[in-house]
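Architecture and fold: a report
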Amino acid sequence: MKSKKNVFLMLLLSLMLVLSACSGGNSSNKTDGDNNGEDAGKEGGELVFVISQDAPTLDPHGMNDTATTNATTQLFDRLTEYDADGSVVPALAESFEAVDDTTWEFKLKEGVKFHDGTDFNADAVKMTIERIIDPEFASPRAVVLNMIKEVVVVDDYTVQFKTEKPFAPLPAHLAHNAGSIIAPSAIEEENSGGKTVSENPVGTGPFKFVSWSTGSEMIFEKNADYWGEKKAAVDTLKFVVVPEQATRMAMLETGDAHVAQVGASDVERAKGMADVTITSEKSTRMDYLGFNMQKAPYDNLKVRQAISMAINKSDVVDGILDGQGVAAVGPLAPTVVGNYQDLKPLEYDVEAAKKLMAEAGFADGFETTLFVNEGNKERADIALLVQDQLADIGITVNIETIEWGAFLEKTAAGEHELFILGWTTVTADADYGLYALFHSSAFGAPGNRSFYKNERVDELLDLGRSETDQAKRDEAYKEISEILVEEAPMVYLQHPDFIYGTNGVASGLFVNFSGTPFFKDVRLK
């Protein structure tokens, strides 16, 4: 047992080191504006962050999407977090260690209060984690933590997580937004028929919930009793929903917005704005064109391969993204632990694609509908490119632009044929980058919106979760990636950079490798 534990701990160390190396951090992530140090700027004021779509929920267990993550990250803390260099470090936990192959023990910080003044302790951790992994609760994010089979309270400030099989990346998974610790009082109120957690999001984070005008704005205020070494520098944090990308850029330029995510096509324009600073981060994200494999003709392998071969990824990266990213050869970005980049992709070849269409019985093509969410110019442009390039092989593509929440609901329910979406490997480990997207247990909202099922892929994904030898995990993920390229449940388009623009920000904006912004340390000029 001792030797197994040593192997397990060595694997954990190697994962931490690779996470650190893969962050690809840009020095501009550490400070903005005058670059006078992390405390440059003033205390107080209102920070305005313009967003393309509202969060569907403020329950960190309620939806597996970026808008929810960006909002709830400010309100809730987790046991662990990703440091600026990408490594996994304690947060609400004081320390953590693997006790044996299937047991992780976490020592918790004492004296931490939730926003409503109640105590953070091991019971709160147990209630939160048991909520997200409860099959009856059916959280779309359960896949992040469902390797946990039991939560044991050792004492008030010690908790153990029991897994059925060894799972080395657990500390990294707990740093995912799904691991946000919710006040038991909020969960109990929801369970008793009162306000839901989404209506009453009580965490321990640097900001507290004030109000939410759905589709318009969310307002958070500084948590004056925050447990960390530093409290939030600004008094108020406002998320303002502005669906039109051009309007968001105009607000950034005029200073009506302090922070905005900048689309790749607007980077050069933003660089020319006198008062705007650009922050760029190499990402763990993969954007893709997805198929609903439960609907004809996308249950036909040759049709999926033909579409994959008819789309020129260089036109996406060099044209639409203006070089702000890299073309994807498979589902995992080069920054992800366990990625295999020496794949032989389905090459761009229109004539070969036409031949495959004929072999599949669609020599004259067919008509289909492509879903794309509103508020994202790059995705809208990709949709137009897909429409144009698939016309070359006889496919008529009708584009339907849908509000974000409805888009997620429709694609989770399988109402789509084609769709454009992205997946960020928040943990920077291949398990998260592949399991939710391709395991047959994750159909719909958890991530597998292609409704892809392959018994060998399921077997290898389960192996990757339990294997403690990283080399063996890498081999499993290599085979999975090769199968996924061949079977083409989606077209792997590109790995875009995460780009943020700031105006009137003196220092403190941090964007991690999953593209999540953290506003606690932001100081305004």
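Report follows, based on the coordinates. What you see is a predicted model; the values in this text were computed from it and never measured. (Residues numbered from 1 in each chain as written. Predicted model: local features only at pLDDT ≥ 70, side-chain atom pairs only at ≥ 80, totals over all residues. Heavy atoms only, no water.)

1. Focus: the pairing of strand 17 (residues 418-424)
Test applied: For the exposure calls, accessible area comes from a 1.4 Å probe over protein chains only, and a residue counts as buried if that area is under 20% of its type's maximum, exposed if over 50%, partly exposed in between. By definition, any uninterrupted DSSP run of H or I lasting at least four residues is a helix, any uninterrupted run of E lasting at least two residues is a strand, and each is numbered from the N terminus. Pairing between strands is defined by DSSP: at least two bridges between the two strands are required.
Most of strand 17 sits out of view: 7 of its 7 residues are buried. In strand 17, alternate side chains face the same way, and those of Leu418, Ile420, Gly422 and Thr424 on one face and Phe419, Leu421 and Trp423 on the other are all buried. Pairing of strand 13 (residues 285-291) with strand 17 involves 7 bridges; the strand directions are antiparallel. Directly across from Asp287, in strand 17, lies its bridge partner Gly422.

2. Re helix 2 (residues 66-75)
Worth spelling out the cut-off: For this analysis, a polar contact is any N or O atom pair within 3.5 Å, provided that within protein one partner can donate a hydrogen and the other can accept it, and provided that sequence-adjacent residues contribute only side-chain to side-chain pairs.
Among the 10 residues of helix 2, 9 are classified as buried, and the element is accordingly described as predominantly covered. All of the buried residues along helix 2 are Ala67, Thr68, Thr69, Asn70, Ala71, Thr72, Thr73, Gln74 and Leu75. Where helix 2 starts, the residue carrying a side-chain oxygen 3.2 Å from the main-chain nitrogen of Ala67 turns out to be Asp65.

3. What to know about the nonpolar core
Applicable threshold: To define a nonpolar core, start from buried Ala, Val, Leu, Ile, Met, Phe, Trp, Tyr and Cys residues and group those joined through side-chain atoms within 4.5 Å. Note on contacts: a residue pair qualifies if any of its non-hydrogen atoms lie within 4.5 Å across the two residues.
With 134 residues, the main nonpolar core has Leu79, Phe106, Phe161, Leu289, Ile307, Phe438 and Phe519 as its most contacted residues. Residue contributions to this core peak at 7 residues, all from helix 14 (residues 430-438). Not counting residues up to four positions away in its chain, the partners in contact with Phe161 are Leu79, Thr102, Thr103, Trp104, Phe106, Val125, Ile129, Ile148, Glu150, Val151, Leu170 and Leu174. In terms of nonpolar packing, the next biggest core, distinct from the first, is built from 16 residues, Met249, Ala260, Ala270 and Met273 among them.

4. So, a negative patch on the surface
As a reminder, the rule being used: Without a salt bridge and with relative accessible area above 30%, a residue can belong to a patch; like charges are then joined within 9 Å and nonpolar side chains (Val, Leu, Ile, Met, Phe, Trp, Tyr) within 5 Å. Computed by Shrake-Rupley with a 1.4 Å probe, the accessible areas treat only the displayed protein chains as cover when residues are assessed. By definition, a salt bridge exists where a carboxyl oxygen of Asp or Glu is found within 4 Å of a side-chain nitrogen of Lys or Arg. Neither His nor the chain termini are counted; the positive set is Lys and Arg, and the negative set is Asp and Glu. Taken as the charge centre is NZ of Lys, CZ of Arg, CG of Asp or CD of Glu, depending on the residue.
Taken together, Glu94, Glu110, Asp123, Asp155 and Asp156 make up a surface patch of like negative charges. Checked against the element boundaries, Asp123 lands in helix 3 (residues 122-133). Look at Asp123 and you get partly exposed, because its relative accessible area is 46%.

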